[in-house]
Structures are given as C-alpha cells and as structure tokens.
Amino acid sequence: MKFDYNEEQQLLADSVRRFVAQDYSFEARRKIVASRDGCSAPVWATIADLGLLGLPFPSAAGGFGGGAVDLMSAMEAFGDALVVEPYLSTVMAAQFVARAGSAAQKERVLPAVIEGRLRMAFAQGERDARYDLSQVNVTADGSSVSGEKLAVMHAPVADELVVSARSPSGIGLYLVDAKSAGVSMRSSRTLDEMPIADVTFKSAPATPIGARDGLALIEEVVDFATALVCAEAVGAMKYANDATLEYIKARKQFGVPIGSFQALQHRMVDMVISYEQAKSMASLACAKVDSERDPAERRRVVSAAKIKIADASRHVSQESVQLHGGMGMSDELKVSHTFRRLTAIARQFGDADHHLARFAR
C-alpha cells in the first residue's frame, strides 16, 4: 500500500518541518526544557498560528474537521524535533469536549483551544491501575471531584483538566479548572523531560461532560491519542536512523569509515526495516481511529500498532545509541534525548505486554 500524503497533507507537513527547523533546533529545545515551565509560550503561539490546534476539531468551532491521519505529519515532525509543548495533551483533552460536551462547553472550550488561549491535560492514571482505564477511584458528586491522579502529563502547564471520576451512575468525565481551590500538584519532569504532576483533588469544583458512557469515551479518545503517539514515534525513529547513518559514514576506525563494515551495515538495514514497519502500522492505526465504527476492531488495530511501535522504538533507540558508542548517551547529543523519548513512547498509553494482552482478548 502507498502511505504517501495527499497534496494538502504534504503542504502541512512541509510547513511544520520548516517551523521546527527554524524555531525548534536542539539548542532551542534545551533552553526551553531548562526554563521554569519547561514549555515555550512563543512556540505554543506559533503552533496555534499554523492551525495545528484547529486541525482535529469541527468547522463549527473554528477548526478544520480533520482526523488522526491529517495530524500524522505534525506528530512526525514533533517526534523528530522532540517537541515538549502540550500539543497532544491539549488535543486529547479537548476531544472529550468535542465528542461529548454540551453546546455551551464546546462554545467555551474549543475556540479557546484552537486559538491557543487554553492548554489542557487529561487526568486518568491512578495508583496501582497500571494501564487499566476502568480502574477509577476518584469520586464525583456532580459538582466536585475528590481523590488523586498520578503522572498527569503536562498538568503543571495546563489551564484546565479533564478528569475521569466515579459517581453512583458510573464512570464520568469532568472539567476542572487547574488553578481552582481544591486542586494541588506535585510537579516533576519525566525521563524525556516532559512536565508532569501528581494531582490531588479535594472537593474541587467540576462540571460534567456530556451523558455518554464514560469508559467507552475514554477508550475511544485514548485510542485516538495512542495512534498519534505512534506517529510521533515514527518521526523520532527517522531522526535516529538519519543521525546514526550520518555518524557511521563520518566516524573512522582503522583508517576507514565504520559504515564500510558489513556487520554495521546489516544493523543499519535492520533499523530501517523497523522504521518502515512502524510507519505502516502507525498509518493503519490513524486510519482506523478515524473511520472504524466497531470498537473491538479499533482496539485490535491500535493495540497491534502499539506493539510494533514499542518493539521498534526499543530496537531503533538502542541501536542508535550503541552505534554512536559512548557518546551516544551524552546529554549534548540529540540522539540520547531521542532514545529517552522513544523509551517513554514505548510505555505511553500502554506498553507492549499490555497491548499484546488486549490484542489477544
């Protein structure tokens, strides 16, 4: 099958690549990561100006009505550049409002997200839950939520949170102002330098989102985000492959480039094969979350893609570091940060073992 972009998608891909090449060099990223927030307001404004925040939302809200396939090029570019801004976190959280929110919620939240005025995060993980989306112990009484969510990605920089909580009627989703009374955070950074926080809610004011089955909606949106993070991994793998190939062509041993050694050529070819397989599976996953109406089939394909992405991420990231030698783990080299990001992606929204079990079911 051909997985090339159509003309409009290619134009978007080119504009995003120009943006990251001009404004998001590795040195620029290091300065952003070293800042207090770990994110850049000017970069966020540029992402909004490019229309990337409006791409997956309906035209009625000011968006472009796109899907995961339309976001693939942006996610690949973000993976290549190791973008730390809360793009996926915001798009993911806003999807709950777009798919199940009231008219008033959509009118308030979606235009603000599209214009870059509102950053969001999805608070789901809890103690001992691992990747089980049905394990929700935070409680809701209709107008407030109480409990604790762990490792909420980009919570420290979010203006609003979407929180899963359990009420007498089952699992539901709630909008919570991240700065409101009753919300406290213990902030830190992940292995791949993303802002993260454990969030405690003490009768924090909350507004219910829609009347859909909460667990089914969570699974639907998490699958959407999983497909996108697979596309992000593809971009990171491409950079790792390109950087490694360039290095083994330039590095000399015994008077010749180490890329002339047949054993290293074989390893490089295996990395390229892993990348190509991952790219095709990411494309399939994005297409399925956009078009598949059978939840079981959607889950099956997304899990199959995540299994392949996790395996390919491990293979490509480890080989890229090993072929660079000891310098491959140095903080000054971008490939070491790509290694960290791919290691994190392999576990984000479920590791290979979790998705293998879900695929088998």
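For the structure, see preceding data.
A few points on the structure. (Residues numbered from 1 in each chain as written. Predicted model: local features only at pLDDT ≥ 70, side-chain atom pairs only at ≥ 80, totals over all residues. Heavy atoms only, no water.)

## Focus on the side chain of His355
Consideration 1: Mapped onto the elements of the fold, His355 is located in helix H11 (residues 352-360).
Consideration 2: Classification of His355 as buried rests on a relative accessible area of 2%.
Consideration 3: Excluding residues within four positions of it along the chain, His355 makes contact with Ser303, Lys306, Ile307, Phe349 and Gly350. (Helix = DSSP H or I, 4+ residues; strand = E, 2+ residues; numbered from the N terminus. Buried < 20%, exposed > 50% of the residue type's maximum accessible area, 1.4 Å probe, protein only. Contact = heavy atoms within 4.5 Å.)

## A few points about helix H3 (residues 41-49)
Consideration 1: Among the residues making up H3, those that are buried are Val43, Trp44, Ile47 and Ala48. Angularly, the buried residues of H3 cover 140° about the axis, an arc narrow enough to put them on a single face. For H3, exposure combined with an orientation more than 90 degrees from the buried face picks out Pro42 and Asp49.
Consideration 2: Close packing links the buried residues of H3 with helix H1 (7-23), helix H2 (26-34), helix H4 (68-81), helix H5 (87-100) and helix H6 (103-114). (Arc of directions from axis to C-beta.)

## Concerning the packing of aromatic side chains
Consideration 1: Throughout the structure, instances matching the rule amount to two aromatic pairs.
Consideration 2: Relative to Tyr87, the ring of Phe78 lies with its centre 5.3 Å away and its plane at 80°, an arrangement referred to as edge-to-face. Of the two residues, Phe78 and Tyr87, both sit in the buried class.
Consideration 3: With a centroid separation of 4.7 Å and an interplanar angle of 40°, the aromatic rings of Phe96 and Phe122 are classed as tilted. Of this pair, Phe96 sits in helix H5 while Phe122 sits in strand S1 (residues 120-123), placing them 26 residues apart in sequence. Each of the two residues, Phe96 as well as Phe122, counts as buried.
Consideration 4: In this structure, Arg99 is placed above the aromatic ring of Phe224, and the distance from its NZ or CZ to the ring centre is 5.2 Å.
Consideration 5: Residue placement shows Lys334 over the ring face of Tyr239; its charged tip is 4.1 Å from the ring centre. (Phe/Tyr/Trp six-rings, centres within 6.5 Å; stacked < 30°, edge-to-face > 60°. Lys NZ or Arg CZ within 6 Å of the ring centre and 35° of its normal.)

## Some details on the pairing of strand S3 (residues 144-153)
Side-chain positions along a regular strand alternate between the two faces of the sheet.
Consideration 1: Bridge count for strand S2 (residues 139-140) against S3 is two bridges, and the pairing is antiparallel. Opposite Thr139, over in S3, you have Ser146 as the bridge partner.
Consideration 2: Where S3 meets strand S7 (residues 195-205), seven bridges bridge the pair, whose relative direction is antiparallel. Its bridge partner lying in S7, Val152 is registered against Ala197. (Pairing = 2+ DSSP bridges.)

## As for the packing of helix H7 (residues 214-250) against helix H9 (residues 295-324)
Consideration 1: It is at 9 Å that the axes of H7 and H9 come closest, and there the two elements cross at 25°. Here H7 is positioned roughly parallel relative to H9, judged by the angle of their axes. Here H7 runs over H9; the crossing is left-handed. (Axes fitted to C-alpha atoms, helices over the stretch in contact; angles between N-to-C directions. Parallel < 35°, antiparallel > 145°, perpendicular 65-115°, else oblique. Left-handed = near helix turned anticlockwise from the far one by under 90°.)

## Quick notes on the pairing of S7
Consideration 1: In the sheet, strand S6 (residues 183-189) pairs with S7 via seven bridges, with the strands oriented antiparallel. Paired with Val183 across the two strands is Phe201, which belongs to S7.
Consideration 2: A loop of five residues connects S6 with S7, the two strands running antiparallel in sequence, and Glu193 in this loop sits at a positive phi of about 75°.

## Concerning the pattern of salt bridges
Consideration 1: Tallied over the full model, the rule gives 25 salt bridges.
Consideration 2: Taking the shortest distance from any N to any O, the salt bridge between Lys149 and Glu126 comes out at 2.7 Å. Of this pair, Lys149 sits in strand S3 while Glu126 sits in the loop between S1 and S2, placing them 23 residues apart in sequence. Like Lys149, the residue Glu126 is buried in the burial classification. (Salt bridge = Lys/Arg side-chain N within 4 Å of Asp/Glu carboxyl O.)

## Structural notes on the nonpolar core
Consideration 1: Ranked by size, the top nonpolar core spans 88 residues in total, and within it Phe78 and Tyr87 carry the most contacts.
Consideration 2: In terms of residue count, H7 provides more of this core than any other element does, 18 residues in total.
Consideration 3: Apart from the residues within four sequence positions on either side, Phe78 is in contact with Val16, Phe19, Val20, Ile47, Leu52, Val83 and Tyr87.
Consideration 4: Counting residues in hydrophobic clusters, the runner-up holds 20 residues, among them Ala123, Tyr174, Val176 and Ala206. (Core = buried A, V, L, I, M, F, W, Y, C linked by side-chain atoms within 4.5 Å.)

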